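Given next are the chains, with one letter for each unit.
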Amino acid sequence: MAEGLTVRLLDASALVASDDAQDPSYQAARTVLVGAAPVATLDLAYYEVTNVAIRSWGDERAAARLRLLVGEIERAGQLVRADPSLLSDAAAIATEHGISAYDASYVAAARRTGALLVSCDIRDLVSKGLAVLPVDTLP
């Protein structure tokens with residue numbers, strides 16, 4: 001992960017918000033993406049953003065755009081890869097907080113890398129103090 005400014009690890013909901021002008025977090029998510037602090041994500045994001053774009057939006061072009069975005073994060077060296085240790089941590093976090101293993105994987109990745117988890121998932125992550133909204137990372 002990058003040195004200096006605190007890395008913002010974006011979960012799929014924050015990445016998706018950055019591509020959906022109707023999303024209340026759209027502007028803040030876009031600002032986080034182009035801000036001074038580096039952004040990271042988990043390799044799971046490739047699947048999750050594609051799933052939302054195809055299943056919820058029926059938009060293959062949006063799916064391609066979002067995969068390109070995750071690819072840009074990967075090329076910048078900020079893609080966290082799942083491994084047995086991360087998945088074990090995620091399982092413990094999921095059990096402790098009553099959240100999905102998917103959400104817990106982002107929490108585990110942020111903890112592992114010392115990044116700030118940024119999410120639009122108020123119910124499962126933000127309300128439990130496991131993540132912050134994109135707007136809460138802006139100056």
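Refer to the structure printed above.
Residues numbered from 1 in each chain as written. Predicted model: local features only at pLDDT ≥ 70, side-chain atom pairs only at ≥ 80, totals over all residues. Heavy atoms only, no water.

## Considerations on helix H4 (residues 60–75)
Working step 1: Here H4 spans 22 Å end to end across 16 residues, near enough to the 22 Å set by a 1.5 Å rise per residue.
Working step 2: If you check which residues of H4 are buried, you get Ala 62, Ala 63, Leu 66, Leu 69, Val 70, Gly 71 and Ile 73.
Working step 3: Looking at the buried positions of H4, the neighbouring elements they touch are helix H1 (12–17), helix H2 (26–34), strand E2 (39–42), helix H3 (44–56) and strand E3 (79–80).
Working step 4: Two or three places before Arg 61, at the opening of H4, Asp 59 has a side-chain oxygen 3.1 Å from that residue's backbone nitrogen.
Working step 5: One or two steps after H4, the chain reaches Gly 77, where phi turns positive at roughly 80°. (Helix = DSSP H or I, 4+ residues; strand = E, 2+ residues; numbered from the N terminus. Expected span 1.5 Å × (residues − 1). Buried < 20%, exposed > 50% of the residue type's maximum accessible area, 1.4 Å probe, protein only. Contact = heavy atoms within 4.5 Å. Polar contact = N/O pair within 3.5 Å; in protein donor to acceptor, adjacent residues only side chain to side chain.)

## Quick word on the nonpolar core
Working step 1: Grouped together as the largest cluster of nonpolar side chains are 43 residues, with contacts concentrated most on Leu 9, Leu 10, Leu 15, Tyr 106 and Leu 117.
Working step 2: Among all residues touching Leu 15, those that are not within four sequence positions of it are Leu 10, Leu 33, Thr 41, Ala 45, Val 49, Leu 66, Leu 69, Val 70 and Ile 73. (Core = buried A, V, L, I, M, F, W, Y, C linked by side-chain atoms within 4.5 Å.)

## Describing the packing of H3 against helix H6 (residues 101–113)
Working step 1: The contact between H3 and H6 brings their axes to 11 Å, and the two run at 135°. Taken together, the axes of H3 and H6 lie oblique to each other. Crossing angle aside, the handedness with which H3 passes H6 is left-handed. Taken together, the residues of H6 that come into contact with H3 (itself represented by Leu 44, Ala 45 and Glu 48) are Tyr 102, Ser 105 and Tyr 106.
Working step 2: When grouped by side-chain class, the residues that make up the contact of H3 with H6 number four nonpolar, one polar and one charged. (Axes fitted to C-alpha atoms, helices over the stretch in contact; angles between N-to-C directions. Parallel < 35°, antiparallel > 145°, perpendicular 65-115°, else oblique. Left-handed = near helix turned anticlockwise from the far one by under 90°. Nonpolar A, V, L, I, M, F, W, Y, C, P; charged D, E, K, R; others polar.)

## As for H3
Since the α-helix advances by 3.6 residues per turn, residues separated by three or four positions end up pointing in the same direction.
Working step 1: If you check H3, its first and last C-alpha atoms are 18 Å apart, about what 13 residues at 1.5 Å a residue would give, namely 18 Å.
Working step 2: Listed as buried for H3 are Leu 44, Ala 45, Val 49, Thr 50 and Ala 53.
Working step 3: The secondary structure elements touched by the buried residues of H3 are H1, E2, H4 and H6.
Working step 4: Looking one or two residues beyond H3, the residue adopting positive phi is Gly 58, at roughly 60°.

## Focus: the sheet that holds E2
Working step 1: Pairing in this open sheet of four strands is parallel, and the strands run E3-E2-E1-E4 from one edge to the other. The strands lining the two open edges of the sheet, one partner per strand, are E3 and strand E4 (116–118).
Working step 2: Running at roughly 110° to E2, H4 makes contact with E2 and E3 of the sheet. (Pairing = 2+ DSSP bridges.)

## Here we look at the side chain of Asp 11
Working step 1: Structurally, Asp 11 can be placed in the loop between strand E1 (8–10) and H1.
Working step 2: Setting aside residues up to four positions removed in sequence, Asp 11 forms contacts with Tyr 106, Leu 117, Val 118, Ser 119, Cys 120, Asp 121 and Leu 125.

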